[in-house]
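# Reading the structure
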Amino acid sequence: EVQLVQSGAEVRKPGESLKISCKASGYTFTAYWIGWVRQMPGKGLEWMGIIYPGDSATGYSPSFQGQVSISVDRSTSTAYLQWNSLKASDTAMYYCARQDGYAEVDSWGQGTLVTVSS
Amino acid sequence: QSALTQPASVSGSPGQSITISCTGTSSDVGGYNYISWYQQHPGKAPKLIISEVSNRPSGVSNRFSGSKSGNTASLTISGLQPEDEANYYCSSYRASSTRGVFGGGTKLTVL
């Protein structure tokens, strides 16, 4: 069974850094893209960026380029989403998602709620 | 990157059918048959209900069906049930950095 298990909810202050994780199991980690999707409170889904664990190729939405960093650890089948300096506007639910390379997501993580508040 | 266009809300009574549209361009919806639909209940992760325009994953009710004409894809839910009340998102492949784009989402209310 394919599973994506995300790290728990986080509370940070503006300007702080954060790295959240998504551990994959039940499939060949290097054979599928992993993406990160933001959902702000009461709003829709947005692709932030994706990574292909096979060769670590990445792509970022223009809205998120330079604001976040996506990486993987192939030894633990884990994908990461990292911020160096959080803003209050980063408060949202973040989902990791297994993508087939054609935008179809057949497996989602349970979500990580990030709250940024002074 | 602009999102695909969906109606903000639709509603229907139990047993009725509804259709949700998803309009894009020739660079996404109109150019590829990689259209998928997701159902999201409040507080839950999205769930894939339609892939590649009209394919239903195993376990998804046959009351859900998908189609496409030109730059517009559609999701039809027949025989509406109370548990269908949720938000629905379309998605299309787009040759972009993230390889895809979502629609803005449609809230379905079952009256």
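Look above for the structure.
Residues numbered from 1 in each chain as written. Chains lettered and ligands numbered in written order. Predicted model: local features only at pLDDT ≥ 70, side-chain atom pairs only at ≥ 80, totals over all residues. Heavy atoms only, no water.

Another aspect to go through is the overall build of chain B. Regarding its fold elements, chain B presents zero helices and nine strands. N-terminal to C-terminal, the α/β element order of chain B is β-β-β-β-β-β-β-β-β. Taken against the 2.2 N^0.38 rule, which gives 13 Å for 111 residues, the C-alpha radius of gyration of chain B at 13 Å falls within 12% of a compact globule. If you line up chain B on its principal axes, its C-alpha atoms span 40 × 25 × 25 Å. (Helix = DSSP H or I, 4+ residues; strand = E, 2+ residues; numbered from the N terminus. Rg over C-alpha atoms; globule rule 2.2 N^0.38 Å.)

On the chain A side, the residues contacting the 22 residues of chain B number 25 residues. Taken together, both faces of the contact between chain B and chain A bury some 1,800 Å²; the carbon and sulfur share is 62%. In terms of surface lost to chain A, no three residues of chain B exceed Thr98(B), Arg99(B) and Phe102(B), which account for 33% of the buried area on that side. The interface formed by chain B and chain A holds zero salt bridges in total. Taken together, the connections running from chain B to chain A amount to nine residue pairs in polar contact (both at pLDDT 80 or more). Mapped onto the side of chain B that touches chain A, the elements with two or more residues apiece are β3 (35–40), β7 (86–93) and β8 (100–102) of chain B. Considering every element that reaches the side of chain B that touches chain A, the biggest residue donor is β7(B), with four residues. Of the residues in the side of chain B that touches chain A, the class split is nine nonpolar, 10 polar and three charged. (Contact = heavy atoms within 4.5 Å. Buried area = accessible area lost by both parts, 1.4 Å probe. Salt bridge = Lys/Arg side-chain N within 4 Å of Asp/Glu carboxyl O. Polar contact = N/O pair within 3.5 Å; in protein donor to acceptor, adjacent residues only side chain to side chain. Nonpolar A, V, L, I, M, F, W, Y, C, P; charged D, E, K, R; others polar.)

Of all hydrophobic cores here, the largest spans 25 residues; its most connected members are Ile20(A), Trp36(A), Met48(A), Leu81(A), Trp83(A) and Tyr94(A). Ignoring any residue separated from it by four or fewer positions in sequence, one finds Tyr94(A) in contact with Gln6(A), Ile20(A), Val37(A), Arg38(A), Met48(A), Leu81(A), Trp83(A), Gly111(A), Thr112(A) and Val114(A). Counting residues in each nonpolar core, the second largest holds 23 residues, with Ile49(B), Ile50(B), Ile77(B) and Leu108(B) among its members. (Core = buried A, V, L, I, M, F, W, Y, C linked by side-chain atoms within 4.5 Å. Buried < 20%, exposed > 50% of the residue type's maximum accessible area, 1.4 Å probe, protein only.)

Residue and element names in this part refer to chain B. Strand order in the open sheet formed by three strands is β2-β6-β5, with antiparallel pairing between adjacent strands. Unpaired on one side and paired on the other, β2 (18–23) and β5 (64–69) mark the two borders of the sheet. Each adjacent strand pair in this sheet contributes to an overall mean axis angle of 20°, direction not counted. Here β5 pairs with strand β6 (residues 72–77) via six bridges, running antiparallel. Following the sheet pairing, Lys68 is matched in β6 by Ala73. (Pairing = 2+ DSSP bridges. Axes fitted to C-alpha atoms, helices over the stretch in contact; angles between N-to-C directions.)

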